[in-house]
Amino acid sequence: MTRTFNLADLFEVVAASVPDRIAFICGEKRLSFRELDQRANRIASALQSRGIQRGDNVGIELFNSSEYLEAFLACCKIGAAPANVNYRYVADELHYLLDSLKLKALFYDASVAPEVQKVAPQLSQLKLCIQTGDTQLGVNGAVHYDTLLASGSDKHSDPDRNDNDFYLLCTGGTTGLPKGVVWPHKSLFMSALGGGGIYFQRPPIEKPEDLGPLVASAPPMSFFAIAPMMHGAAMWGTLISLLAGHAVVVNDQHHFDPEHILDITERDQVNIISMVGDAMALPLVKALEAHPGRWNLSYLRVAGNGGALVSAHVQERLKAAVPHIALSNGMGSSETGLMGSGEKPKKGDGFMVLKPRPDLAVISEGLQLLTTPGDTGILARSGYTPVAYFGDPKKSAEVFVTITDRLWVLSGDHARIDEDGNIVILGRGSQC
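The structure contained in this document is the topic of the report that follows. (Residues numbered from 1 in each chain as written. Predicted model: local features only at pLDDT ≥ 70, side-chain atom pairs only at ≥ 80, totals over all residues. Heavy atoms only, no water.)

Taken N-terminus to C-terminus, the directions of helix α3 (residues 66-78) and helix α9 (residues 232-242) make an angle of 80 degrees; their axes are 13 Å apart at the nearest point. It follows that α3 is roughly perpendicular to α9 by the angle criterion. Facing Tyr-68, Leu-69 and Phe-72 of α3, the residues of α9 in contact are Met-235, Thr-238 and Leu-239. (Axes fitted to C-alpha atoms, helices over the stretch in contact; angles between N-to-C directions. Helix = DSSP H or I, 4+ residues; strand = E, 2+ residues; numbered from the N terminus. Parallel < 35°, antiparallel > 145°, perpendicular 65-115°, else oblique. Contact = heavy atoms within 4.5 Å.)

Turning our eyes to something else, we now look at unusual backbone geometry. Of note, the phi angle at Gln-201 is positive, near 50 degrees, even though the residue is not glycine. Mapped onto the fold, Gln-201 is located in the loop between α7 (185-191) and α8 (211-217). A relative accessible area of 76% places Gln-201 in the exposed class. A positive phi angle, near 60 degrees, is found at Leu-367, a position not held by glycine. Considering the arrangement of structural elements, one finds Leu-367 in the loop between β18 (360-363) and β19 (369-370). Of the residues examined, Leu-367 reaches a relative accessible area of 34% and is grouped as partly exposed. (Buried < 20%, exposed > 50% of the residue type's maximum accessible area, 1.4 Å probe, protein only.)

Running from N to C, helix α1 (residues 7-17) and α3 point in directions that differ by 115 degrees, and their axes come no closer than 7 Å. Compared by their axis directions, α1 and α3 come out roughly perpendicular. Along the contact surface, α1 presents Leu-7, Ala-8, Phe-11 and Glu-12, while α3 presents Phe-72, Leu-73, Cys-76 and Lys-77. Its residues assigned to classes, the contact of α1 with α3 shows six nonpolar, no polar and two charged. (Nonpolar A, V, L, I, M, F, W, Y, C, P; charged D, E, K, R; others polar.)

With 17 residues, helix α2 (residues 33-49) extends 24 Å from end C-alpha to end C-alpha; this agrees with the ideal 24 Å at 1.5 Å per step. Taken as a whole, α2 has its buried residues at Phe-33, Leu-36, Asp-37, Arg-39, Ala-40, Asn-41, Ile-43, Ala-44, Ser-45, Ala-46 and Leu-47. One or two steps after α2, the chain reaches Gly-51, where phi turns positive at roughly 95 degrees. (Expected span 1.5 Å × (residues − 1).)

Laid out in structure tokens, this is it:
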């Protein structure tokens, strides 16, 4: 079977190489890579039997769970585009997003059923609603997830999978109304997921099959997705680890309790945690400072951050509380993927310095590529990028621009070229 850079193909390569390794942990629940793949196959075949097909958009309005990953992978397996839906949206917000994405199906948690019920009857394209949690269905005509799962097959294949199947990453609306960023799978894998090379300290893989031997030769590790997978930073971190053969650990509570997060980190011997800015990092630091020595965090190796800044003083306090961990700050956005990491400028303003790369540029308001030290404009990326905002040609034209026959995506980040040709990030004009 020829493999592609479709995320389902990549996951199946990993699952075939380490089938018995643990892929998912939530409290007492454990799933191996084989079991996670089989469950995703069941959902995929069940979706197809109910009319969901290649090119359809499918919303996922779930808390972090195995069901989230299974629904996501199932969509990838059949060429449908999974789309994250914020479970905090109320009816008006939810109606706008689901209608703008032209969703054909929606996975939702029972706790949000009242809001879904308010809007589902108004959406003519929404053909299938699937509820997790409580078996008492809260949306007319919905099917329960367990029923859907039981109706599917453990085995599934699709000869039409390809590198350019789509994934929709919905922005939070901080740059206006929420929008679905259209990511081809291979572009996402290469620019947002590190091309399979991040944890193996190597360049991106050249063909999908290369992932198998890398994963099999590396020791098993665990990654704790603290932030909701409905946010790009958390979902991308989850996919990076899953495709590296790591176990993905999720919170067995639906709220953020820093002491419980540290309990899980100790109990499940977590190696890597991901945070989103001071909102998560500071409560964790305060808990560690208030209870010194309470948690055995000897297995914890990396505290990663993305999606929002962690203040320097918070990083210093975290390092003081857990001296042996490495802190990793990544910069990225829904429209550009992970841009990389760098040091703070040694002089002048700005918060990060990126080395010059062929896929990065500073672009003027007049859409000219800037090259002279001191020039200031907007940071942009080319190469493996998304292609548009779904169903929004006007906004797409503002962000996805062609300069000398090459597509560039404007990040919204103000940047300056320094005297060494490096790119100094000055601040995020998009406030995202």
